[in-house]
There are 2 protein chains.
Amino acid sequence: MPTKKHEQFVNAVQEAADQPLNQEMLLSLVGYNCRRAYLSIMPLFHERMSELDLRTVDFSVLSLLHANPNITQKRLSNAINVSPPNLAILLDRLEARGLLLRQRNPLDKRSQTLILTAEGERMAVEAEDKVSALEADATSALSNAERAQLLKLLQKIFQPSRG
Amino acid sequence: MPTKKHEQFVNAVQEAADQPLNQEMLLSLVGYNCRRAYLSIMPLFHERMSELDLRTVDFSVLSLLHANPNITQKRLSNAINVSPPNLAILLDRLEARGLLLRQRNPLDKRSQTLILTAEGERMAVEAEDKVSALEADATSALSNAERAQLLKLLQKIFQPSRG
DNA sequence: TATTGTTATACTCTATAACTATA
DNA sequence: TATAGTTATAGAGTATAACAATA
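The rules we used
- Residues numbered from 1 in each chain as written.
- Chains lettered and ligands numbered in written order.
- Predicted model: local features only at pLDDT ≥ 70, side-chain atom pairs only at ≥ 80, totals over all residues.
- Heavy atoms only, no water.
- Helix = DSSP H or I, 4+ residues; strand = E, 2+ residues; numbered from the N terminus.
- Rg over C-alpha atoms; globule rule 2.2 N^0.38 Å.
- Buried < 20%, exposed > 50% of the residue type's maximum accessible area, 1.4 Å probe, protein only.
- Contact = heavy atoms within 4.5 Å.
- Areas by Shrake-Rupley, 256 points an atom, 1.4 Å probe, with all protein chains shown as cover.
- Lys, Arg positive; Asp, Glu negative; His and termini not counted.
- Charge placed at Lys NZ, Arg CZ, Asp CG, Glu CD.
- Near = heavy atom within 4 Å.
- Polar contact = N/O pair within 3.5 Å; in protein donor to acceptor, adjacent residues only side chain to side chain.
- Least-squares fit on C-alpha atoms with pLDDT ≥ 70 in both.
- Nonpolar A, V, L, I, M, F, W, Y, C, P; charged D, E, K, R; others polar.
- Pairing = 2+ DSSP bridges.
- Axes fitted to C-alpha atoms, helices over the stretch in contact; angles between N-to-C directions.
- Phe/Tyr/Trp six-rings, centres within 6.5 Å; stacked < 30°, edge-to-face > 60°.

### Examining the overall build of chain A
Moving on, step 1. Helices and strands together make up the secondary structure of chain A, namely eight helices and three strands.
Moving on, step 2. Along chain A, helices (α) and strands (β) appear in the sequence α-α-α-α-β-α-α-β-β-α-α when read from the amino end.
Moving on, step 3. Computed over the C-alpha atoms, the radius of gyration of chain A is 23 Å, more than 25% above the 15 Å expected from 2.2 N^0.38 for a compact globule of 163 residues.
Moving on, step 4. Taken over the C-alpha atoms alone, chain A extends approximately 85 × 40 × 35 Å along its principal axes.
Moving on, step 5. Within the span of chain A, comprising 163 residues, buried residues form 46% of the whole.
Moving on, step 6. If you take every contact in chain A between residues at least 6 apart in sequence, the share linking residues at least 24 apart comes to 52%.
Moving on, step 7. Surface accessibility of chain A: about 8,600 Å² in total, with carbon and sulfur atoms responsible for 51%.
Moving on, step 8. Between the mean site of the 20 positive side-chain charges and the mean site of the 19 negative ones, chain A shows a separation of 9 Å.

What follows is the structure in structure tokens.
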């Protein structure tokens, strides 16, 4: 025999099931929306880059070394926000694949400088092409102007000094 | 005795050290910028929410249940993109803390509906206030109009159907 | 004494397989 | 037979502590 309280519960559950989800609060947060946008782009990255066997962080390293040959591990570590221990094993893997070289820094023998091999350069160029294309596909709902505006606004958040 | 090759290497290393890092490629990518912006907001989240002992995903759950009482675990799982096994233990913790209740769904006894306790409601309201404030601080480089524009552009990426 | 980089290790997050109960 | 949820477990990603070599 259903009590009144039980009836109210059944009605509340029915009503909840009938209504679309209210996500107003979460959708008002920049952090949440950044994460959702990022997570919506990543599957395409993994699909298209699995052929090159590169993760996002591997791509970041190749791309930065392509544009900045002979920088030290320290500067790379700071730039991509990967801790020295984790960068060490990441570089072990890329070096083992013949994509880059570590060389003792002649100006300060504590540090090591990094440079892509010829194969690493080829891989970097190919990866950059693939990523540019995949990005365009993942953000095809945006016009070029909107995309540029988005980049500007995001950079204001993590580079506030640059206005 | 330094070879010519070695001299060239020393010069290249010196030049690399003297120049600012070129991050043009990475900064042209929406995914990379989303991640950087997200990672710049998170430390503030952890600082301010450690008092409430809530992670981002815990906050998402409390906030969604606050706005959508009596929804099922299935709908919650879909909304926040957390797999059923991982959601189960997350809900175990919040239930053990007295923040929510799981109730067998009277309309389909396979599923369970979720509702915040009085304490859970208080926690949700307090957390939402804190998060709103922290978001404003983390994105203070943006005007209100820019912030609104940013949310719109990000949502276009992961909700392309909504234009 | 401080810095760069490495090794070892622990912790969190996320993903998968197998199971129970209900439809 | 299919679905909601749970348990157990494995893997990836990230963080910390201790160490060697150089400054």
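### Considerations on the protein's contact with DNA strand C
Moving on, step 1. The immediate surroundings of DNA strand C are formed by 17 residues, with A:Gln73, A:Lys74, A:Arg102, A:Gln112 and B:Arg110 found nearest.
Moving on, step 2. Within the contact set of DNA strand C, a phosphate oxygen lies 2.9 Å away from a side-chain nitrogen or oxygen of A:Arg102.
Moving on, step 3. Contacts to DNA strand C include B:Asn86, whose side-chain N or O atom sits 3.1 Å from a base nitrogen.
Moving on, step 4. Elements represented by at least two residues in the surface near DNA strand C include exactly α5 (73–80) and α6 (84–96) of chain A together with α6 (84–96) of chain B.
Moving on, step 5. Ranked by residue count, the leading element in the surface near DNA strand C is α6(A), at four residues.

### Here we look at the relation of the copies chain B and chain A
Moving on, step 1. For these two chains of identical sequence, chain B goes onto chain A by a turn of 180 degrees and a shift of 0.0 Å along the axis, with RMSD 0.1 Å. Seen this way, the second copy is the image of the first under a two-fold rotation axis. No C-alpha of chain B approaches the rotation axis more nearly than that of B:Cys34, which lies at 2.5 Å.

### Comments concerning the protein's contact with DNA strand D
Moving on, step 1. Around DNA strand D there are 17 residues in total, and A:Lys109, B:Gln73, B:Lys74, B:Arg102 and B:Gln112 lie nearest to it.
Moving on, step 2. For DNA strand D, the fraction of protein-proximal atoms (within 4 Å) that sit in sugar or phosphate groups is 67%.
Moving on, step 3. Within the side chain of A:Arg55, an N or O atom sits 3.0 Å from a phosphate oxygen of DNA strand D.
Moving on, step 4. A distance of 2.7 Å separates a phosphate oxygen of DNA strand D from a polar atom in the side chain of B:Arg102.
Moving on, step 5. Residue assignment for the surface near DNA strand D shows that the elements contributing at least two residues are α6 of chain A together with α5 (73–80) and α6 of chain B.
Moving on, step 6. Tallied by class, the residues present in the surface near DNA strand D amount to four nonpolar, four polar and nine charged.

### Re the sheet that holds strand β3 (residues 112–116) of chain A
By definition, the strands of a sheet pair up through backbone hydrogen bonds, in either a parallel or an antiparallel sense.
Residues and elements named next belong to chain A.
Moving on, step 1. Taken together, the three strands give an open sheet; going across it, the order is β1-β3-β2, and neighbouring strands pair in antiparallel fashion. Strands at the two margins of the open sheet, each flanked by one partner only, are β1 (71–72) and β2 (100–104).
Moving on, step 2. Pairing of β2 with β3 involves five bridges; the strand directions are antiparallel. Opposite leucine 101, over in β3, you have isoleucine 115 as the bridge partner.
Moving on, step 3. Seen against the sheet, helix α4 (residues 56–67) touches β1, β2 and β3 and runs at an angle of roughly 95 degrees to β3.
Moving on, step 4. Where α6 meets the sheet, it contacts β2 and β3, and its direction lies at approximately 120 degrees from that of β2.

### Looking at the environment of B:Ser111
Residues and elements named next belong to chain B.
Moving on, step 1. One can find serine 111 in the loop between β2 (100–104) and β3 (112–116).
Moving on, step 2. Spatially, the C-alpha atoms of serine 111 and threonine 72 are 6.5 Å apart, while their sequence positions differ by 39 residues.
Moving on, step 3. Leaving out residues up to four positions away in the same chain, serine 111 has contacts with Thr72, Gln103, Arg104 and Asn105.

### Looking at the sheet that holds β2(B)
Residue and element names in this part refer to chain B.
Moving on, step 1. The strand order across the open sheet formed by three strands is β1-β3-β2, and the pairing between neighbours is antiparallel. In the strand order of this sheet, the two ends are held by β1 (71–72) and β2, each with one partner.
Moving on, step 2. Pairing between β1 and β3: two bridges, direction antiparallel. In the strand pairing of β3, isoleucine 71 is matched with leucine 114.

### Thoughts on the packing of aromatic side chains
Remark: the centre distance and the inter-plane angle together describe each pair of aromatic rings, the angle taken between the planes.
Residues and elements named next belong to chain B.
Moving on, step 1. With the rule as written, the count across this model stands at two aromatic pairs over all chains.
Moving on, step 2. With 6.4 Å between their ring centres and 70 degrees between their planes, phenylalanine 45 and phenylalanine 59 make a pair best called edge-to-face. One end of the pair, phenylalanine 45, is in helix α3 (residues 30–49); the other, phenylalanine 59, is in helix α4 (residues 56–67), with 14 residues separating them in the sequence. Neither residue differs from the other here; phenylalanine 45 and phenylalanine 59 are each classed as buried.

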